[in-house]
Every structure is written in structure tokens, then in C-alpha cells.
Amino acid sequence: MDESLPKRKPNPRLKIFNYKGHYAYSITICTHNKTPIFKSKEIVDSVLDVLNNVAEKEQFGILVYCFMPDHLHFLLAGGDRSNLQKMIKTFKQISSYRFKKSYGR
């Protein structure tokens, strides 16, 4: 095993819950290696744009959000067809792709 890679936390998802429908969620997403990338308004605005677009597409309302230098907190409220796992996966894919394309890392 590569000693330079950080250990991942255990998966916090419940195996008996499908994360679909009318539920509210408190989410925290950390940057890779806790790199403080959310210090720039340009980056925060770009990531927030992705978050808003993906949440709307997946029928989630964003109740509140807070960007910290190395992580993001937000509260979501789901609708009839909301799927949290799909929403988070899509958000991470698009935001990381845009960041890498714009900043080369």
C-alpha cells in the first residue's frame, strides 16, 4: 500500500436507506488532501454554480451553504425524484473536472 495516500474515513452511508425522496441532508465535502482551494471568489462561484445546477436537476433545494478554505458544508431538501447519491456523484464529477480544466490540478 502507498504510504503517501491518506487513509479514507469509513463510509458513513446507511446500507438500509436508499437516499431517495423527501429527506433533508447535511453534507460536508472536503477538498483533495484538504487543500485550501476555496480562498478565491472565482473558484467558490464556479463550484457554487455547479452545486446549484446539479441540485436543481436532481430536484434538491439548497437551504444553506458555507464554504471553508478546504471544505464545503450545505443542507439539502429533496423532492419526489431526488437521489442524493446521484446528486453528490454528479456534483463531484463536474466540479472536479472544471477545476482541473481551469487550474491544471
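First, a word on scope: everything that follows refers to the structure included in this document.

Analysis parameters
- Residues numbered from 1 in each chain as written.
- Predicted model: local features only at pLDDT ≥ 70, side-chain atom pairs only at ≥ 80, totals over all residues.
- Heavy atoms only, no water.
- Helix = DSSP H or I, 4+ residues; strand = E, 2+ residues; numbered from the N terminus.
- Buried < 20%, exposed > 50% of the residue type's maximum accessible area, 1.4 Å probe, protein only.
- Polar contact = N/O pair within 3.5 Å; in protein donor to acceptor, adjacent residues only side chain to side chain.
- Pairing = 2+ DSSP bridges.
- Axes fitted to C-alpha atoms, helices over the stretch in contact; angles between N-to-C directions.
- Contact = heavy atoms within 4.5 Å.
- Parallel < 35°, antiparallel > 145°, perpendicular 65-115°, else oblique.
- Left-handed = near helix turned anticlockwise from the far one by under 90°.
- Nonpolar A, V, L, I, M, F, W, Y, C, P; charged D, E, K, R; others polar.
- Salt bridge = Lys/Arg side-chain N within 4 Å of Asp/Glu carboxyl O.
- Expected span 1.5 Å × (residues − 1).
- Arc of directions from axis to C-beta.

Considering the environment of tyrosine 103
- Following the sequence through the fold, tyrosine 103 ends up in helix α2 (residues 84-103).
- Residue class for tyrosine 103 comes out partly exposed when judged on its relative accessible area of 34%.
- Considered as a pair, tyrosine 103 and isoleucine 43 are 60 residues apart in the sequence and their alpha carbons are 9.8 Å apart.
- At a separation of 3.5 Å, a polar atom in the side chain of tyrosine 103 contacts the side chain of glutamate 42.

With respect to the sheet that holds strand β1 (residues 24-30)
- With antiparallel pairing, 3 strands are arranged side by side in an open sheet as β1-β3-β2. The open sheet is flanked by β1 and β2 (60-68), the only strands paired with a single partner. Shown here is a sheet whose adjacent strand axes are inclined to one another by a mean of 15°, direction ignored.
- The pairing of β2 with strand β3 (residues 71-78) spans 8 bridges and is classified as antiparallel. Bridge pairing in β3 places phenylalanine 67 opposite leucine 72.
- Strand contacts of helix α1 (residues 41-57): β2 and β3, with the helix running at about 160° to β2, the strand carrying the most contacts.

Section: the packing of α1 against α2
- Their axes nearest at 9 Å, the elements α1 and α2 cross at an angle of 150°. The angle between α1 and α2 places the two elements in the roughly antiparallel class. In the crossing of α1 with α2, the sense of the turn from one axis to the other is right-handed. Here α1 contributes Glu42, Ile43, Ser46, Val47, Asp49, Val50, Leu51, Val54 and Ala55 to the contact with α2, which in turn contributes Met87, Thr90, Phe91, Ile94, Ser95, Arg98, Phe99 and Tyr103.
- For the contact of α1 with α2, the residue count by class is 11 nonpolar, 3 polar and 3 charged.

Observations concerning the pattern of salt bridges
- For the coordinates displayed, the defined rule picks out 3 salt bridges.
- With a shortest N-O distance of 2.8 Å, lysine 41 and aspartate 45 are connected by a salt bridge. Of this pair, lysine 41 and aspartate 45 both sit in helix α1, 4 residues apart, which is roughly one turn of the helix.
- With a relative accessible area of 36%, aspartate 45 lands in the partly exposed category.
- Between arginine 98 and aspartate 49 there is a salt bridge, with its nearest N and O atoms 3.4 Å apart. Separated by 49 residues along the polypeptide, arginine 98 in helix α2 and aspartate 49 in helix α1 bring together distant segments of the chain.

Thoughts on α2
- Taking 1.5 Å per residue, 20 residues should reach 28 Å; α2 reaches 28 Å between its end C-alpha atoms and fits that length.
- Taken as a whole, α2 has its buried residues at Leu84, Met87, Ile88, Thr90, Phe91, Ser95 and Phe99. Mapping the buried residues of α2 onto a view down its axis gives an arc of 165°, with all of them on the same face. For α2, the exposed residues lying more than 90 degrees away from the buried face are Lys89, Tyr97, Lys100 and Lys101.
- For α2, the elements touching its buried residues are β1, α1, β2 and β3.
- Where α2 starts, the residue carrying a side-chain oxygen 3.2 Å from the main-chain nitrogen of glutamine 85 turns out to be asparagine 83.
- Backbone geometry just after α2 places glycine 104 at a positive phi near 70°.

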